[in-house]
Amino acid sequence: SKAADALAMGRTPGRISSLWDPDNPNVLTVSERGSPTLREIKVTKRSFNAAPGGEGTFEYTEYARIVDTVDGEQSDPTQRVEMPNKPTLLAKRTLAKFKIISPEQIDSLQLEYYFPYNDPTAPAEFIVKSKLSYTRQN
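Described in the following lines is the structure provided in the data block. Counting starts from 1 at the beginning of each chain's written sequence and moves along it residue by residue. It should be noted that, the model being predicted, local features are given only for residues of pLDDT at least 70 and side-chain atom pairs only at 80 or more, the latter also being counted only at that level, while totals for whole chains, interfaces and linings use all residues. To get the side-chain values, take all heavy atoms of the structure and skip hydrogens and water.

So, about the nonpolar core. Ranked by size, the top nonpolar core spans nine residues in total: Ile 16, Leu 28, Val 30, Ile 41, Ala 64, Ile 66, Leu 90, Tyr 114 and Val 128. Going through the elements one at a time, strand 2 (24-32) and strand 4 (57-70) are the ones with two or more residues in this core. With residues up to four places along the chain from it excluded, the contact list for Ile 66 reads Arg 39, Glu 40, Ile 41, Thr 88, Leu 89, Leu 90, Lys 92 and Tyr 114. Definition of nonpolar core: a set of buried residues of the types Ala, Val, Leu, Ile, Met, Phe, Trp, Tyr and Cys, connected through side-chain atoms within 4.5 Å. Categorising residues by exposure relies on relative accessible area from a 1.4 Å probe, with only protein chains included: less than 20% of the type maximum marks a residue as buried, more than 50% marks it as exposed, and the intermediate range marks it as partly exposed. Strands here mean DSSP runs of E at least two residues long; helices mean DSSP runs of H or I at least four residues long; both are numbered from the N terminus. In what follows, a contact means two residues having at least one pair of non-hydrogen atoms within 4.5 Å.

Strands were regarded as paired on the criterion that DSSP finds at least two bridges between them. Relative to strand 4, strand 3 (residues 37-50) is paired through 13 bridges, and the arrangement is antiparallel. Paired with Leu 38 across the two strands is Thr 69, which belongs to strand 4. Adjacent in sequence and paired antiparallel, strand 3 and strand 4 are bridged by six residues, among which Ala 51 carries a positive phi angle near 60 degrees. As defined by bridge partners, strand 4 adjoins strand 5 (residues 88-102) across 12 bridges and the pair is classed as antiparallel. In the strand pairing of strand 5, Tyr 60 is matched with Ala 96.

With that out of the way, let us pick up the pattern of salt bridges. Criterion for a salt bridge: a side-chain nitrogen of Lys or Arg within 4 Å of a carboxyl oxygen of Asp or Glu. Throughout the structure, instances matching the rule amount to six salt bridges. Put simply, Arg 15 and Glu 32 hold a salt bridge, and the shortest N to O gap is 3.8 Å. Highlighted residues: Arg 15 in the loop between helix 1 (2-8) and strand 1 (16-21) and Glu 32 in strand 2, separated in sequence by 17 residues. Among the residues examined, Arg 15 registers a relative accessible area of 39% and is labelled partly exposed. A salt bridge links Lys 97 to Glu 59; the shortest N-O distance between them is 3.8 Å. Placement of Lys 97 in strand 5 and of Glu 59 in strand 4 is noted, with a sequence separation of 38 residues between them. Given the relative accessible area of 52%, Lys 97 is considered exposed.

As a further point, take the sheet that holds strand 1. Strands pair in a sheet through their backbones, by hydrogen bonds, and they do so in one of two ways: parallel or antiparallel. The sheet built from seven strands is open, its strands ordered 1-2-3-4-5-6-7 with antiparallel pairing. Each of the sheet's edge strands pairs with one partner strand only, and the pair in question is strand 1 and strand 7 (126-135). If you compare each strand with its neighbour and ignore which way they point, the axes differ by 20 degrees on average. Where strand 5 meets strand 6 (residues 105-116), 12 bridges bridge the pair, whose relative direction is antiparallel. Within strand 6, the position partnered with Ala 91 by the bridge is Phe 115. Inter-axis angles, ranging from 0 to 180 degrees, are taken between N-to-C directions of lines fitted to C-alpha atoms, where helices are fitted over the stretch in contact.

Below, the discussion takes up the side chain of Arg 39. Mapped onto the secondary structure, Arg 39 falls in strand 3. Residues adjacent in sequence count toward polar contacts only when both atoms are side-chain atoms; beyond that, a polar contact is any pair of N or O atoms within 3.5 Å, and within protein one must be able to donate a hydrogen and the other to accept it. A distance of 2.7 Å separates a polar atom in the side chain of Arg 39 from a polar atom in the side chain of Asp 68.

Mapped onto the fold, Arg 33 is located in the loop between strand 2 and strand 3. For the pair formed by Arg 33 and Arg 15, sequence separation is 18 residues and the distance between their alpha carbons is 5.8 Å.

For residues other than glycine, phi is negative in most cases, and the peptide bonds are mostly trans. Despite not being glycine, Ala 51 shows a phi value in the positive range, around 60 degrees. Position of Ala 51 relative to the elements: it lies in the loop between strand 3 and strand 4. The class for Ala 51 is partly exposed, based on a relative accessible area of 40%.

In structure tokens, the structure reads:
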């Protein structure tokens, strides 16, 4: 998620702006106000499994390429500017499991593994583990 990626990189989610096109749903461009870094997250592979732990459970796996580019003038992903600096590449694998607790609540465990992009055999550089609970407000 956009907020999880921001937190993983030590950023404050409330300061994030993003650009996403429903006609190209696998690409998300994110920037932080006042930061010269522009991040593009592109999902390259996704799978979904219904009821792996019995009824009321589901899970998904996602692989993504993350490209960070830096430009001193860039502060909004809707602006088009040249990116003169060499981009930083990462690969990310997300594993997420969900359990329906009640009609008003779904609990989730999410693991995000960040890898060097150019070495598929390298171990993860860091792992983010999140426990989430989604609650419907009436």
